[in-house]
Amino acid sequence: MAVFGTIEWVTAFMEAINASKAYEDAAKTWEGDFYFITEVGGAVKEQGYQYVDLWHGKCRKVDVVTEATKDKYKPEFVLQASIATWRKVAEKKVDPIQAIVTRQLKLTGNMGKVMRAVKAAQELVNCVTQVKTEYPE
Amino acid sequence: MQFFGVPFTVFGDESLQYLNTILGKRAFIVTDKNITKLGLADLVITELKKANIECKIFDGVEPDPSIETVVKAAGIAKDFKPDWVIGLGGGSSMDTAKSALVCYVAGIGPLDMSPSEFYNLRSKAKLMCIPTTSGTGSEATWAIVLTDVAGQRKVSLGSYETMPDVAILDPLMVMSMPPQITGDTGIDALCHAIEGYTATWRTKFTDGPGLAAIRLVFQNLKKAYDNGKDEDARKEMMYAAHQAGSCFSNGMPGLGHSTGHALGGIFHTPHGRAVGLFLPYTMEYLINGSEEAVGLFAEIARFCKIGAGDDKKCALALVDAVRKLAKSVGQPLSVKETGIKREDYMKSMPDLLDRSVNEMMTSTVTRVPESEDLEKMFTYAYDGKSVDF
Ligand SMILES: [Fe+2]
């Protein structure tokens, strides 16, 4: 069990991605890194940045940085949400695309590129569901 | 949290006169050469002039508008600084107008538009759409479909901010549509309403417009196709397309659109014809594996007085009625009938699959197919074979 937003969690996420054949197939041409940002609110006292670098069907690096060290990476895409929304997405209670269009999940980056990789994005969510997650209360 | 967005809608005879009541300084009209040639743009300008609004026309929109066309239109808008952007035409012109507005106000490229970003578009201009076809319903949706010409694919974009402020449905604008376009676009409207009504994003707010639109299409499309001068049928089809637009814009389209987009991106089959062609096959696929879809199709059938008996019988009767209507308005019922050669089609299968699997609409249905099922569906649709899996 790993706490969402920690290096343990994002490492477990990387392992889940790299074990997924479905993700590998769907994302074989994907090149692009992300910040998954958790906004301040509830038990989250400081904005958290999970860095995930995805390349040709694999995850090649993960990291966790803070507000002070966020300039360490300049990812191509940023997805930002409250901890409650991340949880709903991870537990498949809300469709991530629907969360994006209703602005519960904010996406920055080339939309055209994301829209060509919908299947990969869905498989990524399936990988998240593989990680046994504890949410900060 | 869920949303339901609609524009302020002006409809019926002489609706264009609404234009002389609006406030503004400059209107940027986005349209195509055919519309200017038919004199429809002049009708719009005449009314806007009465409101002392200066007009500028961009009539360079092509069918399946490209990213480049949007960039060009946005560039003109940037110099002209309109406070109204007006999409006048079919889906292509309306979608170009929506994207040009975003690029003009936000200073970004069309592909950088994010549905979760707030661009405060109304700080510079409002958006109006005036359809000249009855099908895309783009005047009632926030959706934008552009074509990545080099990549041979359609790109779906948009955000709730690209929902038009005003839609004007003046029957005068659709009276000159030739039968082929009447058929193609009318079937698109049917597809929007059936898919929106049964999508996983459907809500209590999409039910009403969905059902109303489907019934109107069944009652009026053939009449409008057979006799373009039938004003009542034209009018009702215009309303049907609009309501179908608000149904699928808020409820999402489905598999007919994801497979149809894939076909259109590669073989340039007109949008309505492509999505309508796949609609009955995808409905059969849903019926074969989703009780929920069976129930929803049965609701539609009963509302439209199609078929009888249990849910399954009604659902299948609806599929049959869709095929009959499509055939009666000049639509191909199989890919073969569109003239696409079998060898070209089969050679393109990996691309068809890659595109359809990566369409958001593939996952907003009650039975989500994997690649294998999509491939079978594409193959069955080529020969016109009913989906039995
Ligand atoms: Fe459509």
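This one's a predicted model, so the numbers in the text were calculated from it and none came from an experiment.

Student: Just give me the short version of the overall build of chain B, but keep the residues and values in it.
Tutor: Assigned secondary structure in chain B consists of 14 helices and eight strands. At 20 Å, chain B has a C-alpha radius of gyration in line with the 21 Å of a compact globule built from 389 residues. Along the longest, intermediate and shortest principal axes, the C-alpha atoms of chain B span 60 × 45 × 40 Å. For chain B, the residues scored as buried account for 61% of the 389 residues in total. A separation of at least 24 residues holds for 78% of the contacts in chain B among residues at least 6 apart in sequence.

Student: Account for the overall build of chain A, naming residues and giving values.
Tutor: When you go through chain A residue by residue, the secondary structure sums to six helices and seven strands. Element order for chain A, N to C, with α for helix and β for strand: β-α-α-β-β-β-β-α-α-β-α-α-β. In terms of C-alpha radius of gyration, chain A reaches 14 Å, essentially the compact-globule figure of 14 Å for 137 residues. For chain A, the C-alpha atoms occupy an extent of roughly 35 × 30 × 30 Å along the three principal directions. Residues counted as buried form 51% of the 137 residues belonging to chain A. Relative to all contacts within chain A whose residues are 6 or more apart in sequence, the contacts with residues 24 or more apart total 67%. Surface exposure of chain A reaches about 6,500 Å², of which carbon and sulfur atoms provide 55%.

Student: Which residues make up the nonpolar core, and what values go with them?
Tutor: If you look at the biggest cluster of nonpolar residues, it comprises 77 residues, and the most contacted ones within it are A:Phe13, A:Ile17, A:Tyr23, A:Val52 and A:Leu54. Of the residues forming this core, the biggest block, seven residues, is contributed by helix H4 (residues 91-106) of chain B. Not counting the four nearest positions on each side in its chain, A:Leu54 is found in contact with A:Ile17, A:Tyr23, A:Trp30, A:Glu31, A:Gly32, A:Asp33, A:Phe34, A:Cys59 and A:Leu124. Grouped together as the second largest cluster of nonpolar side chains are 73 residues, B:Leu279, B:Val322, B:Tyr345 and B:Phe389 included.

Student: How would you summarise the coordination of the iron ion if you had to cite specific residues and measurements?
Tutor: Residue and element names in this part refer to chain B. In the first shell of the iron ion, the protein supplies Asp188 (OD), His192 (NE2), His257 (NE2) and His271 (NE2), at 2.1 to 2.2 Å from the metal. Viewed at the metal, the four donor atoms of the iron ion are separated by angles of 84 to 166°, and the geometry they form is irregular. Sequence spacing of the donor residues for the iron ion, all on one chain, is D-x3-H-x64-H-x13-H. Of this pair, aspartate 188 sits in helix H5 (residues 179-198) while histidine 271 sits in helix H9 (residues 271-289); the two residues are 83 residues apart in sequence, bridging distant segments of the chain. For aspartate 188, a relative accessible area of 2% corresponds to the buried category. Accessibility expressed as a relative area gives 24% for histidine 271, which makes it partly exposed.

Student: Break down unusual backbone geometry for me, citing the residues and quoting the values.
Tutor: Residues and elements named next belong to chain B. Here aspartate 64, not a glycine, exhibits a phi torsion of approximately 55°, which is positive. The residue aspartate 64 is located in the loop between strand S3 (54-58) and helix H3 (67-80) in this model. One non-glycine residue with positive phi stands out, namely lysine 81, at about 50°. Along the chain, the position of lysine 81 falls in the loop between H3 and strand S4 (84-89).

Student: How would you explain the pattern of salt bridges if you had to name every residue and give the values?
Tutor: Evaluated as defined, the whole model comprises 26 salt bridges over all chains. The shortest N-O distance in the salt bridge between A:Glu91 and A:Lys93 comes to 3.0 Å. Residue A:Lys93 is classed as exposed on the basis of its relative accessible area, which comes to 62%. In this structure, B:Glu47 and B:Lys50 form a salt bridge, with 3.1 Å as the shortest nitrogen-oxygen distance.

Student: Tell me about the sheet that holds strand S1 (residues 8-11) of chain B, and please be specific about residues and values.
Tutor: Residues and elements named next belong to chain B. Spatially, six strands are ordered S1-S8-S5-S4-S2-S3 in an open sheet, and the strand pairing comes out parallel. Pairing within the sheet leaves two strands with one partner each, and these edge strands are S1 and S3. Averaged over all neighbouring strand pairs, the angle between strand axes comes to 20°, with direction disregarded. Relative to the sheet, helix H7 (residues 231-251) contacts S1, strand S5 (126-131) and strand S8 (166-169), its axis offset from that of S8 by approximately 155°.

Student: Provide a residue-level description of the environment of B:Val275, including the pertinent values.
Tutor: Residues and elements named next belong to chain B. Among the structural elements, valine 275 can be located in helix H9. For the pair valine 275 and leucine 19, spaced 256 residues apart in sequence, the C-alpha to C-alpha distance is 33 Å. When near neighbours in sequence (up to four residues on either side) are disregarded, valine 275 contacts Asp188, Cys191, Gly256, His257 and Gly260.

Student: Can you break down the interface of chain B and chain A residue by residue, with the values?
Tutor: Contacts between the two partners involve 28 residues from chain B, matched on the other side by 23 residues from chain A. Between chain B and chain A, a total of about 2,200 Å² is buried, with carbon and sulfur atoms accounting for 55% of that surface. The three residues of chain B that bury the most area against chain A are B:Ser116, B:Trp201 and B:Asn358, which together make up 27% of that side's buried surface. Connecting chain B to chain A are two salt bridges. Note that A:Lys119 is salt-bridged to B:Glu370, the shortest N-O span being 3.2 Å. Across the chain B-chain A interface, the total number found is nine residue pairs in polar contact (both at pLDDT 80 or more).

Cut-offs and rules
- Residues numbered from 1 in each chain as written.
- Chains lettered and ligands numbered in written order.
- Predicted model: local features only at pLDDT ≥ 70, side-chain atom pairs only at ≥ 80, totals over all residues.
- Heavy atoms only, no water.
- Helix = DSSP H or I, 4+ residues; strand = E, 2+ residues; numbered from the N terminus.
- Rg over C-alpha atoms; globule rule 2.2 N^0.38 Å.
- Buried < 20%, exposed > 50% of the residue type's maximum accessible area, 1.4 Å probe, protein only.
- Contact = heavy atoms within 4.5 Å.
- Areas by Shrake-Rupley, 256 points an atom, 1.4 Å probe, with all protein chains shown as cover.
- Core = buried A, V, L, I, M, F, W, Y, C linked by side-chain atoms within 4.5 Å.
- Donors = N, O, S within 2.8 Å, 3.2 Å for Na, K, Ca; no water.
- Tetrahedral: all angles 85-135°; square planar, octahedral: opposite > 155°, others 65-115°.
- Salt bridge = Lys/Arg side-chain N within 4 Å of Asp/Glu carboxyl O.
- Pairing = 2+ DSSP bridges.
- Axes fitted to C-alpha atoms, helices over the stretch in contact; angles between N-to-C directions.
- Buried area = accessible area lost by both parts, 1.4 Å probe.
- Polar contact = N/O pair within 3.5 Å; in protein donor to acceptor, adjacent residues only side chain to side chain.

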